[in-house]
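Below, each chain spelled out in residue letters.
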Amino acid sequence: MTYWLLFFLIAIVALAYARAGIRTTSAVLAAVVLFYGVFGDSLLAFLLMLLAGVVVLLPLNLPVLRQEWLSRPLFLRFKRMLSRLDERQLAALSSSGSGWEAQLFNGTPDWSRFHEHYSAQLTPDERSLLDGPLAEFCSRYTRDPEAGPATQARLRAYGLHGLAIDSLHGGRGLSALAHAAALTRLSASISRRLAQRVGATARLAWIDALQRHGTAAQQSQWLPMLAAGAHLQTAEAGDVVGDARVEAGPDGPLLQLELNIEVDADADIVGLCVDLRDPDGRLGRDAAIGPTWLLIDAATLRAAPNRLRVGFDAVIGGGERIGAAARHAAESIAVADAVAPVAIHAGCATALALASGSIARLRLPFGEPLGSRVIAEEALATLAARAWSAQALATATARAVDRGEKPYAAAAFARTLGLLQARECAAAARDLGIDRTLLAPRVEDVDAEPDDGGEPTLLARPDVYSACVLRSHAAFMAALAAAQDPNPATALTRFDDALWTHVGHLFGTATQAFALGLTAGSSLFGSSTTEAQHLRRINRYSAALAFAADVALSLLARELGSRRPYTALRAMREASRRSLTTWLGDALAQLYLASAALRQFDEGGAHADERAVLELICTEAFAACEEALDRLIRHLSSPLLATLTRLIVMPLGASRRAPREVTQRNVAAQLQGDSRLRERLSEGVGLPADASAWPLIDEALRLQADAAGAEEQLARQAASRPPRHLPTRIRDAQRDGLIDEQQARQLQDWLLAARRIHPPR
């Protein structure tokens, strides 16, 4: 009998792992039961299994019975849960996730599709622009980073205001990938401030909305002005700044605006979000009302800042598409967020890492370089890893935009991970004392959160990540679409299909998570290469995330769909449990980052010298992912369910580990010397691998190399107790004939150049 039980268990596990449907599962289990009836040794056991199969499997295979007995009660509970969500939360779920994050979240990432679709290839025209006019601009104006009329004129002359605008309207017409690369180079070579001047999130969001929803006349009017550098003023985070009432005009309906806005002195165009009302029904019963985006000439608003009448040609999309831009505002903002902030951060982080690596090699005569200290290795490795991963993340999120995906998750990951990485870079640079050198402005640059008027990134993270998690959950989005279906019969059928398809998916992810939790870390079950092991671990955590998400969301749905009175205590408990979706989002973001790092590693030719930084990034990402899952499990309301989830997700216990010291030492050494890592970082921001954006550092290193021979000669011949004051020591050595005049001058020049890097305070 033991062998038969084992046979049954193997069949069930195989079916679950293959995510078999109800009919396939029923057919296989029926065949196993019949096989036991023929060859088994207990008639009673056969009859009991046959009875259980009829009672359980027969209703599941008859759609009428399954829908009425099982699906309908769950559907009613699901709709009750939705009724307790506010309209803002439901509006944020208008479209499901279709990008790489959705595959990671559902536990079955298709790596062949990822490698094919997320290839970062620029067109020849884009490459010539980056290596031609943009490179010339960066090299000519590196020493003049301040924004002003002269800088504005230079940006206009090189056409850098129109990077995202179609060439038909005077712009450069760059793809999101090329646009991100351009912003990365501007922030690395010049400053974050200048890069944000042409890549401000609000500006790019309104340009995207105008290109998507504007009429041909509006595009011809506004886009050339924006491409030429016209200053666009918008309300913070798209806040509603007034009312627009539809009134009768001599040639048709007009909008009477009542505004609460102060026009900036340098504004050329003003973007407004107003609440459109049509109390007299002049636009018809089916006309869209509510939030609406307008574009108005700033001079017109200065003449009448509070009350004015405008035609419907001021509405983006015109009278035929009223409110279209506002309804899709979240998507336009996500497109901007997925391209600009993370690209600008990547440029700042890379420039800081490269310059820090150069400074770590620099020393005073007869001293030791900063990079030789063991305590500095961790900080240098952190700077290199964050710069490398920031470039990978910027490339992945921009590629998602180019593929036409809904970039909500990509934008959320870009902003949140970019901010966290920036803070780590700044902390590492301060640990090295870089903030006390001429690079102090760069340390402040890398740690500065974009001032785009929106909600602070980490404060907005719970809501944004919750929306990303629900969008990426295929079964939830299918059930939501079913609940919004006006036909009750088709709604129940759609919900039934989504529910029972996902039941098979649930058992499949549980089996896969448990199996990969036992085997993913072993080289016995696949290739032993570093990248293959990282890929297996991503698959493992992807399956674990999918299963843990189903458990957590089921508990949240039970709370929201309950008929119990909504007491204050229950509301507080429910609010605390909604942080579960934030931790799910944290885990998903780390897997997205690890995937982007693997893609960048592959596109660079899988060079052996880059394996150390890849290992550093992936090890930290997996540790953060597991920590997020651990926090999620510890906060599940059911102790029994939490224990079961932990057993499936972490069958061998927690495996979080810190990066190895030898890995950090390897990465730190590569950042300081001529290496493939330094070359790759420099390629991403358009800087030479053997130089930085600060000629003083390069000059000091050159003088250090030139004077190395004189230093060595003097060190061999010096007295046992040489003077501590270096200028005196050099002067005395020349007087005593230990070094000649030229060698003394070399040492003095080296000392002077090194001290310029560390100006006195």
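Up top is the structure.
Describe helix H17 (residues 374–402), listing the residues and the values that go with them.
Between the first and last C-alpha of H17 there are 43 Å, a value that for 29 residues agrees with the 42 Å anticipated at 1.5 Å per step. One or two positions beyond H17, positive phi appears at Gly404, with a value near 80 degrees.

Describe the pattern of salt bridges, naming the residues involved and giving the relevant values.
Under the defined criterion, the tally for this structure stands at 32 salt bridges. A salt bridge links Arg72 to Glu68; the shortest N-O distance between them is 2.9 Å. Residue Arg72 and its partner Glu68 are located together in helix H4 (residues 63–83), separated by four residues, close to a single helical turn. Residue classification places Glu68 among the partly exposed residues on the basis of a relative accessible area of 40%. Between Arg309 and Glu247 there is a salt bridge whose closest N-O contact spans 3.7 Å. With Arg309 in strand E6 (residues 307–310) and Glu247 in strand E2 (residues 240–247), this residue pair connects regions lying 62 residues apart in the sequence. When salt bridges that share partners are traced, they join Asp208, Arg212, Glu331 and Lys406 into one network.

Could you give me a rundown of the environment of Gly214, with the residues and numbers involved?
Inspection of the secondary structure puts Gly214 in the loop between helix H12 (201–213) and helix H13 (216–227). Judged by its relative accessible area of 14%, Gly214 is buried. Other than its neighbours up to four places away in sequence, Gly214 contacts Ala209, Gln219, Ile316 and Gly317.

Account for the packing of helix H28 (residues 661–672) against helix H29 (residues 676–685), with residues named and values stated.
Two elements in contact, H28 and H29, have axes whose closest approach is 7 Å; the angle formed by their N-to-C orientations is 60 degrees. As summarised for this structure, H28 and H29 are arranged oblique, according to the angle between their axes. Where H28 crosses over H29, the handedness of that crossing is right-handed. Where H28 approaches H29, its residues Val667, Gln670 and Leu671 are matched on the opposing element by Leu677, Arg678 and Leu681.

With reference to specific residues and values, describe the environment of Asn260.
Along the chain, Asn260 falls in the loop between strand E3 (254–259) and strand E4 (269–277). C-alpha of Asn260 to C-alpha of Gly242: the two residues are 18 residues apart in sequence and 5.9 Å apart in space.

Lay out H12 in plain terms, naming residues and giving numbers.
Spacing of three or four residues puts side chains on the same side of an α-helix, whose turn is 3.6 residues. Taking 1.5 Å of rise per residue, the 13 residues of H12 would be expected to cover 18 Å, and the 18 Å separating its terminal C-alpha atoms lies within 8% of that figure. Burial runs high along H12: 10 of the 13 residues are buried. Every buried residue of H12 is accounted for by Thr201, Arg203, Leu204, Ala205, Trp206, Ile207, Asp208, Ala209, Leu210 and His213.

Got a sec to walk through the nonpolar core? Specific residues and values, please.
Counting residues in each nonpolar core, the largest one holds 140 residues, and the members touching the most others are Trp388, Phe476, Tyr592 and Leu629. One finds Tyr141, Ala176, Leu194 and Ala343 within the second-largest nonpolar core, a separate group that totals 37 residues.

I'd like to hear about the packing of helix H26 (residues 611–634) against helix H27 (residues 639–649), residue by residue, with values.
Between H26 and H27, whose axes approach to 9 Å, the crossing angle comes to 160 degrees. The angle between the axes of H26 and H27 places the two elements in the roughly antiparallel class. The residues of H27 that touch H26, namely those facing Leu629, Asp630, Ile633 and Arg634, are Ala642, Thr645, Arg646 and Val649. Per-class residue counts for the contact of H26 with H27 are four nonpolar, one polar and three charged.

Criteria and thresholds
- Residues numbered from 1 in each chain as written.
- Predicted model: local features only at pLDDT ≥ 70, side-chain atom pairs only at ≥ 80, totals over all residues.
- Heavy atoms only, no water.
- Helix = DSSP H or I, 4+ residues; strand = E, 2+ residues; numbered from the N terminus.
- Expected span 1.5 Å × (residues − 1).
- Salt bridge = Lys/Arg side-chain N within 4 Å of Asp/Glu carboxyl O.
- Buried < 20%, exposed > 50% of the residue type's maximum accessible area, 1.4 Å probe, protein only.
- Contact = heavy atoms within 4.5 Å.
- Axes fitted to C-alpha atoms, helices over the stretch in contact; angles between N-to-C directions.
- Parallel < 35°, antiparallel > 145°, perpendicular 65-115°, else oblique.
- Left-handed = near helix turned anticlockwise from the far one by under 90°.
- Core = buried A, V, L, I, M, F, W, Y, C linked by side-chain atoms within 4.5 Å.
- Nonpolar A, V, L, I, M, F, W, Y, C, P; charged D, E, K, R; others polar.

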